[in-house]
Amino acid sequence: MELYEMTAHQLRDLLRKREVSAVEIVKSVLERIGQVEEKIKAYITITDDLALKQAEEVDRKLASGEELPDLAGIPVAIKDNICTKGVLTTCASKILYNFVPPYNATVMEKLNRQMIVMIGKTNMDEFAMGSSTENSGFFITRNPWDLDRVPGGSSGGSAAAIAADEAICALGSDTGGSIRQPAALCGVVGLKPTYGRVSRFGLVAFASSLDQIGPITKDVEDCALMMNAICGYDPMDSTSANVPVPDFTKSLIPDVKGIKIGVPKEYFIEGIDPEVEEAVKAGLKKFEEMGAMVEEISLPHTEYAVADYYIIASAEASANLERYDGVKYGFRAEGAEDLIDMYKKTRSQGFGPEVKRRIMLGTYALSAGYYDAYYLKGLKVRTLIKRDFDQAFEKVDVIVTPTSPTPAFRIGEKIDDPLTMYLSDIFTISVNLAGICAISIPCGFSSDGLPIGMQIIGKPFDEESIIRVAYAFEQNTDYHLRKPNI
Amino acid sequence: MAKITIEEVEAVANLARLEFSEEEKKQFTSQLERILNYIDKLNELDTSDVEPTSHVLPIKNVFRDDVPKPSYPREEMLKNAPDPVEGYFAVPKVIT
């Protein structure tokens with residue numbers, strides 16, 4: 001087995017036994033990137049020099065006999081909407097094509113304390129708006145399981161990098177499913193933490209009341225290690241929650257006896273791929289065999305979630321993206337007649353079509369005369385969606401659903417039809433609106449050999465339960481061990 | 001059913017500081033109309049007695065102590081500027 005194929009916990013154990021060096025690990029991953037990146041295109045920036053320097057530092061500490069954190073020397077890929085000091089951070093947008101942040105996001109400070117090795121910045125849908133990474137302002141990323149298909153999105157670069165063994169762990173961000181859906185489509189593990197669990201300081205804002213950073217990894221144990229590293233209260237983020245952070249590795253218990261699993265009847269609907277339905281139902285049967293109690297529940301407002309999300313997320317986005325005006329950083333258009341003209345030309349040339357569409361929708365929904373009809377209505381429906389989950393969690397410990405209604409779709413298949421693209425997030429969006437946590441894990445393969453993901457949803461700040469249930473499933477199956485043939 | 005006109009698209013574009021070609025305006029008009037009609041689905045729900053949720057956490061008025069701290073150096077902040085002039089961000093003339 002090559003080093004690049006291994007998980008973070010396997011590499012940590014080898015490093016601690018001095019059987020391998022951090023430089024050997026990073027060289028192996030860079031060699032892998034050299035072999036497959038041409039086909040996958042997961043990265044916007046590859047920070048090979050920095051990675052080698054960071055790995056050398058880890059080896060020096062190792063040689064001096066210092067005890068190292070769990071993620072020391074582990075090559076990690078970072079989604080390109082997370083600010084990295086001195087390293088290009090573009091959000092896959094032309095409007096930020098040259099932006100080099102003068103500071104680190106809090107998650108980067110936390111990962112640096114773990115002495116991770118940053119391997120590069122990953123491709124995404126521009127400003128995280130999309131479900132296929134086709135909305136990147138630079139290039140598309142391909143699904144390692146089938147190069148004619150999308151990796152999902154918006155964290156498609158991060159998920160593809162993990163599936164293709166071009167990184168050991170990755171960070172993504174999730175506003176309506178942007179960690180879980182690409183994780184499902186690429187056959188890897190992705191967790192969206194509870195809103196407020198991970199600091200958003202330094203995450204380029206899309207929809208501030210929905211955005212969360214989270215890990216994308218090869219297995220659930222690595223997910224727990226990444227969660228240990230990135231969670232926690234941060235005074236720099238006023239929406240950060242001051243709640244204790246448990247040791248998530250304590251939740252790696254391969255047993256679900258007595259756990260109550262709810263299955264929402266509204267999630268097995270017309271339009272869902274039969275193979276996806278079959279795989280998730282087989283997974284539920286597995287849970288029952290393992291001693292869990294599975295019962296049907298209802299989340300009655302599910303059918304309103306996508307509409308609600310597009311009002312709320314677009315409204316917040318239109319306000320957040322006002323800052324891109326060509327004055328202080330990023331792209332500025334040439335040939336403007338005056339200041340307003342400079343704003344308009346800069347924004348019209350700098351933003352891609354999907355970003356403009358959302359800014360237009362959000363501006364419309366917030367404009368005089370429409371605020372009550374759209375935005376306020378959306379906030380009220382959000383209350384109803386949240387209440388559905390509150391009521392369901394009075395009866396069950398976790399909720400299990402498919403992550404995405406279909407396996408990876410073909411490149412170009414949905415790009416001309418925004419509404420159909422939006423509907424591919426139908427199972428992930430409610431979790432963001434309710435502010436709760438969820439993980440996607442591999443639970444099967446389609447007859448075409450494409451991965452299928454299962455979503456496990458938990459109560460607010462109860463990532464421990466979803467990690468435990470996910471770990472138990474993983475330890476009793478081998479879907480996570482399959483690798484794509486690139 | 002929401003009906004969007006080209007004039008409305010132009011007005012919203014102006015508010016959002018965006019400009020479009022005639023072709024793009026037509027496309028946006030039909031796409032926005034379709035998306036808004038889908039969003040009209042929310043009106044099936046009676047929300048007259050429902051409080052809005054703008055934020056899921058019960059966090060309000062987060063203040064920090066007002067302690068002076070060093071800021072970022074000016075030259076560092078100007079490194080990303082499209083047109084830095086003598087330590088400032090230069091923009092096209094505002095008053096003519």
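Residues numbered from 1 in each chain as written. Chains lettered and ligands numbered in written order. Predicted model: local features only at pLDDT ≥ 70, side-chain atom pairs only at ≥ 80, totals over all residues. Heavy atoms only, no water.

Caption draft 1: Region of the structure containing the pattern of salt bridges. All told, the structure shown has 29 salt bridges over all chains when counted by the stated rule. The salt bridge partner of A:D255 is A:K257, with a shortest N-O separation of 3.8 Å. Exposure remark for A:D255: the relative accessible area of 25% places this residue in the partly exposed category. Judged by relative accessible area, A:K257 falls into the exposed class, the value being 61%. For A:R332, the salt bridge identified is with B:D83, shortest N-O distance 3.8 Å. Here A:R332 is found in the loop between α9 (305-320) and α10 (339-350), whereas its partner B:D83 is found in the loop between α3 (74-78) and β1 (84-85) on a different chain. Taken together, the shared-partner salt bridges connect A:R12, A:D13, A:R16, A:D70 and A:E221 into one network. (Salt bridge = Lys/Arg side-chain N within 4 Å of Asp/Glu carboxyl O. Buried < 20%, exposed > 50% of the residue type's maximum accessible area, 1.4 Å probe, protein only. Helix = DSSP H or I, 4+ residues; strand = E, 2+ residues; numbered from the N terminus.)

Caption draft 2: Representation of the side chain of A:S199 in the model. Residue and element names in this part refer to chain A. Here S199 is to be found in the loop between β5 (189-192) and β6 (212-217). A polar side-chain atom of S199 sits 3.0 Å from the main-chain amide nitrogen of F201. For S199, the side chain forms a polar contact with the side chain of D234, separated by 2.6 Å. Those residues within four positions of S199 in sequence are excluded, and the remaining contacts are T106, V107, I213, G232, D234 and D237. (Polar contact = N/O pair within 3.5 Å; in protein donor to acceptor, adjacent residues only side chain to side chain. Contact = heavy atoms within 4.5 Å.)

Caption draft 3: The arrangement of unusual backbone geometry in detail. All names here are of chain A. That bond from G153 to S154 is cis: its omega, 10 degrees, falls within 30 degrees of zero. As for its position among the elements, S154 is in the loop between β3 (117-122) and α5 (156-163). One non-glycine residue, R18, lies in positive phi territory at about 60 degrees. Relative to the helices and strands, R18 is located in the loop between α1 (8-16) and α2 (22-40). The backbone of A92 sits at a positive phi, close to 55 degrees, despite the residue not being glycine. Residue position: A92 is located in the loop between β2 (75-79) and α4 (106-113).

Caption draft 4: Here's a closer look at the pairing of strand β11 (residues 451-458) of chain A. Residues and elements named next belong to chain A. Of all 8 residues in β11, 8 are buried, a share of seventy percent or more. Side chains P451, G453, Q455 and I457 of β11 all project onto a buried face; the interleaved residues I452, M454, I456 and G458 project onto the opposite face, where all are buried too. Bridge count between strand β10 (residues 437-445) and β11: 8 bridges; the pairing is antiparallel. Across the sheet, residue I441 finds its bridge partner in β11, namely M454. Once β10 ends, the chain turns through 5 residues before running back antiparallel as β11, passing G449 with a positive phi of about 80 degrees. (Pairing = 2+ DSSP bridges.)

Caption draft 5: Broad picture of the environment of B:Y72. On the secondary structure map, B:Y72 appears in the loop between α2 (22-39) and α3. Judged by relative accessible area, B:Y72 falls into the partly exposed class, the value being 41%. Setting aside chain neighbours within four positions, we find B:Y72 in contact with A:P102, A:Y103 and B:M77.

Caption draft 6: Highlighting a nonpolar patch on the surface. On the surface, B:V91, B:V94 and B:I95 cluster together into a nonpolar patch covering about 300 Å² of accessible area. Here B:V94 falls in the exposed class, since its relative accessible area comes to 56%. (Patch = residues over 30% accessible without salt bridge, like charges linked within 9 Å, V, L, I, M, F, W, Y side chains within 5 Å. Areas by Shrake-Rupley, 256 points an atom, 1.4 Å probe, with all protein chains shown as cover.)

Caption draft 7: Seen up close, the packing of aromatic side chains. Residue and element names in this part refer to chain A. Using the criterion set out here, one finds 21 aromatic pairs over all chains in the structure. Here F127 and F351 contribute two aromatic rings whose centre-to-centre distance is 5.9 Å and whose plane-to-plane angle is 70 degrees, an arrangement assigned as edge-to-face. Remark: F351 occurs in the loop between α10 and α11 (353-366) and F127 occurs in the loop between β3 and α5; sequence separation between them is 224 residues. Accessibility expressed as a relative area gives 3% for F127, which makes it buried. Aromatic side chains Y370 and Y374 sit 6.2 Å apart centroid to centroid with 40 degrees between the ring planes, which places their arrangement in the tilted category. In this structure Y374 comes out as buried when scored by relative accessible area, which is 8%. (Phe/Tyr/Trp six-rings, centres within 6.5 Å; stacked < 30°, edge-to-face > 60°.)

Caption draft 8: Layout of the interface of chain A and chain B. Counting residues at the interface gives 68 residues for chain A, matched by 52 residues for chain B. For the pair chain A and chain B, the summed buried area comes to about 5,400 Å², and 68% of that belongs to carbon and sulfur atoms. Summed over the shared surface of chain A and chain B, the result is 3 salt bridges. Looking at the side of chain A that touches chain B, the elements that each hand over two or more residues are α9, α10, α11, α12 (371-392), α13 (418-423) and α14 (429-434) of chain A. For the side of chain A that touches chain B, the leading source of residues is α12(A), giving 12 residues. Taken together, the residues of the side of chain A that touches chain B break down into 36 nonpolar, 15 polar and 17 charged. (Buried area = accessible area lost by both parts, 1.4 Å probe. Nonpolar A, V, L, I, M, F, W, Y, C, P; charged D, E, K, R; others polar.)

Caption draft 9: Geometry of α2(B). In a regular helix each residue adds 1.5 Å, so 18 residues correspond to 26 Å; α2(B) covers 25 Å between its end C-alpha atoms and thus fits that length. Elements in contact with the buried residues of α2(B): α9, α11, α12 and α13 of chain A together with α1 (6-15) of chain B. (Expected span 1.5 Å × (residues − 1).)

Caption draft 10: Fine view of the confidence of the model for chain B. Summary statistics for chain B give a mean pLDDT of 92 and a share of 98% for residues scoring 70 or more. Here α2(B) stands out as the least confident element of chain B, with mean pLDDT 92; β1(B) is the most confident, with 96. (pLDDT = per-residue confidence, 0-100.)

Caption draft 11: How the structure looks around the nonpolar core. Residue and element names in this part refer to chain A. If you look at the biggest cluster of nonpolar residues, it comprises 182 residues, and the most contacted ones within it are L111, F127, F389 and I456. Broken down by element, the residue count for this core peaks at 10 residues, all from α9. Residues contacting I456, with those up to four places away along its chain left out, are V398, I399, V400, C437, A438, I439, I441, I466, V469 and A470. Grouped together as the second largest cluster of nonpolar side chains are 6 residues, V150, A184, L185 and F409 included. (Core = buried A, V, L, I, M, F, W, Y, C linked by side-chain atoms within 4.5 Å.)

Caption draft 12: Spotlight on the state of the cysteines. Summed over all chains, the structure comprises 0 disulfides over all chains. With no disulfide partner, A:C91 has as its closest neighbouring cysteine sulfur the one in A:C83, 7.5 Å distant. (Disulfide = S-S within 2.5 Å.)

Caption draft 13: Summary view of the sheet that holds strand β1 (residues 43-46) of chain A. All names here are of chain A. The sheet built from 11 strands is open, its strands ordered β1-β3-β2-β4-β6-β5-β10-β11-β9-β7-β8 with mixed pairing. Of all the strands in the sheet, just β1 and β8 (293-297) have a single pairing partner and so form its edges. Ignoring strand direction, the axes of neighbouring strands in this sheet form an average angle of 30 degrees. Strand direction decides the pairing type here: β5 and β10, joined by 3 bridges, are antiparallel. For K192, the partnering residue across the bridge sits in β10 and is A438. (Axes fitted to C-alpha atoms, helices over the stretch in contact; angles between N-to-C directions.)

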